[in-house]
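If you want the building blocks of each chain, they are given just below.
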Amino acid sequence: ITHIEVQRAHQSDAEALILAIKRTKERGCAPQELAADTSYGSDENLRKAAQLGVEVISPVGGRRPSKLGLEHFRFSQRGGEVEACPQGHKPEKWWKREKGRFVALFCLEHCRGCALRAECPVQLGKKGGYLRYSAQGIRLAERRIYQESAAFREKYRWRAGSEGTHSHLKWDTGAGRLRVRGFAAVRYCVTLKALGLNILRVTSAQIARLKAESASIKGILSKISTFLRAKKRSRTFPSLIVASFTQFRLSKSVCLQWAA
């Protein structure tokens, strides 16, 4: 646990994300990638986190459009210009309005005879079909496309492991039912419990490493013992060489660990 923020019940969790990134960045332990649930993955949070050098990996909030959305249109890399509709038709005109909003004008005849007319977000007018959208809408559409990819699932699957940390903090340290009252006392108590959990987990990690090193040393000693027994049974120098290669095969990594 690298950051603790105690909030009041009326405050939104989404507001704590940028503050956590800033404070961990000040201490030199900010992550490069941060997997968060949907409540933290607002468009504003993602843009602010990107400015701080952190990539937030989170599903898009809100209900997925049941009909065609902006993710079904093709956009250019420059300025959010529409290149084609889901049927492959290019707009006759495109312009940018104030506050990051855009309008694309499609041919009226194409839109009226389109098989996807009932599901398309393009609105018919006197001069043609108008698609009105915003820069935020484009970003959300790109995220919806990305979250269906294998790359997103590979990164986001690690988020499930954080729930184990929450569970340990709640049940192992008693943070789920505190015996103090007052905001300052609660914050002080939770911070100490998080520190205690970190100490427990660091200790467990060190014990696991010592056990692994001990098992490696035992394996090396066993191979040395095998080598010495082979040496006693060997009567000639060639047989000693053969025994050393057949019964004393240490991998390069094990040899380096033994030497260290």
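Computed from a prediction, not measured in an experiment: that's the story for all the values here.

Participant: Now, about the nonpolar core: what can you tell me, with residues and values included?
Facilitator: Counting residues in hydrophobic clusters, the biggest one holds 16 residues, and the most contacted among them are Phe73, Phe75, Val82, Phe106, Val122, Leu131 and Tyr133. Taken together, the elements giving at least two residues each to this core come down to strand S6 (101-106), strand S8 (129-134) and helix H4 (135-146). A total of 3 residues in this core trace back to one element, the largest contributor, which is S6. The residues contacting Phe106, other than those within four sequence positions of it, are Phe73, Val82, Cys85, His89, Lys90, Pro91, Glu92, Cys111, Val122, Gly128, Gly129 and Leu131. Within the second largest apolar cluster, 9 residues are counted, among which are Ile18, Ile21, Leu34 and Ala36.

Participant: I'd like to hear about the pairing of S8, residue by residue, with values.
Facilitator: Among the 6 residues of S8, 5 are classified as buried, and the element is accordingly described as predominantly covered. The pairing of S6 with S8 spans 6 bridges and is antiparallel. Bridge pairing links Ala104 to Leu131 in S8. As paired elements, strand S7 (residues 123-124) and S8 share 2 bridges and run antiparallel to each other. When the sheet's bridge partners are listed, Leu124 is paired in S8 with Gly129. Where S7 hands over to S8, the hairpin turn is made up of 4 residues, counted between the paired strands.

Participant: Just give me the short version of the side chain of Arg144, but keep the residues and values in it.
Facilitator: Summarising the element assignment, Arg144 is placed in helix H4. For Arg144, the residues in contact, after removing those within four places along its chain, are Val60, Gly61, Arg64, Pro65 and Glu71.

Participant: Can you explain a nonpolar patch on the surface? Please cite residues and give values.
Facilitator: A cluster of nonpolar residues, Tyr188, Leu192, Leu195 and Ile199, forms a patch on the protein surface that exposes about 440 Å² of accessible area. Assessed through its relative accessible area of 58%, Tyr188 is described here as exposed.

Participant: Tell me about the pattern of salt bridges, and name the residues and values.
Facilitator: Inspection of every chain in the model, using the stated rule, returns 10 salt bridges. Linking Arg139 and Asp43 is a salt bridge whose minimum nitrogen-to-oxygen distance equals 2.7 Å. Pair noted here: Arg139 is in helix H4 and Asp43 is in helix H2 (residues 43-51), with a separation of 96 residues, a long-range link. Using a relative accessible area of 30% as the deciding quantity, one classes Arg139 as partly exposed. The salt bridge partner of Lys48 is Glu44, with a shortest N-O separation of 2.9 Å. Taken together, the positions of Lys48 and Glu44, both in helix H2 and 4 residues apart, correspond to about one turn of that helix. On the basis of relative accessible area, Glu44 is assigned to the partly exposed category, the value being 43%. A cluster of three or more residues bridged by salt bridges with shared partners is formed by Glu33, Glu55 and Lys155.

Participant: Which residues make up helix H1 (residues 16-26), and what values go with them?
Facilitator: One turn of the α-helix equals 3.6 residues, which is why residues spaced by three or four share an orientation. For H1, the complete set of buried residues consists of Ala16, Leu17, Ile18, Ala20, Ile21 and Thr24. Those residues of H1 hidden inside the fold are in contact with strand S1 (33-35), H2 and strand S2 (55-57).

Participant: So what about the packing of H2 against H4? Which residues, and what values?
Facilitator: Packing of H2 against H4 brings their axes to within 11 Å, and their N-to-C directions diverge by 85°. Accordingly, the angle class assigned to the pair H2 and H4 is roughly perpendicular. The segment H2 lies against H4, with Asp43, Leu46 and Arg47 engaging Gln136, Arg139, Leu140 and Arg143. For the contact of H2 with H4, the residue count by class is 2 nonpolar, 1 polar and 4 charged.

Participant: I'd like a rundown of the sheet that holds strand S5 (residues 93-96), residues and numbers included.
Facilitator: Spatially, 4 strands are ordered S5-S6-S8-S7 in an open sheet, and the strand pairing comes out antiparallel. Edge positions in the open sheet fall to S5 and S7, since each of these has one partner strand only.

Participant: Tell me about the packing of aromatic side chains, and please be specific about residues and values.
Facilitator: In the structure shown here, the tally under the stated rule is 6 aromatic pairs. Geometrically, the ring pair formed by Phe102 and Tyr133 is stacked, given 5.4 Å between the ring centres and 25° between the ring planes. Separated by 31 residues along the polypeptide, Phe102 in strand S6 and Tyr133 in strand S8 bring together distant segments of the chain. Accessibility assignment for this pair places Phe102 and Tyr133 in one class, buried. Ring pairs connect the aromatic residues Phe75, Trp94, Phe102 and Tyr133, which therefore count as one cluster. The side chain of Arg8 reaches across the aromatic face of Phe183, ending 4.2 Å from its centre. When the ring centre of Trp158 is taken as reference, the NZ or CZ atom of Arg157 above it lies at 4.3 Å.

So, how was this worked out
Residues numbered from 1 in each chain as written. Predicted model: local features only at pLDDT ≥ 70, side-chain atom pairs only at ≥ 80, totals over all residues. Heavy atoms only, no water. Core = buried A, V, L, I, M, F, W, Y, C linked by side-chain atoms within 4.5 Å. Buried < 20%, exposed > 50% of the residue type's maximum accessible area, 1.4 Å probe, protein only. Helix = DSSP H or I, 4+ residues; strand = E, 2+ residues; numbered from the N terminus. Contact = heavy atoms within 4.5 Å. Pairing = 2+ DSSP bridges. Patch = residues over 30% accessible without salt bridge, like charges linked within 9 Å, V, L, I, M, F, W, Y side chains within 5 Å. Areas by Shrake-Rupley, 256 points an atom, 1.4 Å probe, with all protein chains shown as cover. Salt bridge = Lys/Arg side-chain N within 4 Å of Asp/Glu carboxyl O. Axes fitted to C-alpha atoms, helices over the stretch in contact; angles between N-to-C directions. Parallel < 35°, antiparallel > 145°, perpendicular 65-115°, else oblique. Nonpolar A, V, L, I, M, F, W, Y, C, P; charged D, E, K, R; others polar. Phe/Tyr/Trp six-rings, centres within 6.5 Å; stacked < 30°, edge-to-face > 60°. Lys NZ or Arg CZ within 6 Å of the ring centre and 35° of its normal.

The values reported here are purely geometric and, on their own, carry no functional implication.
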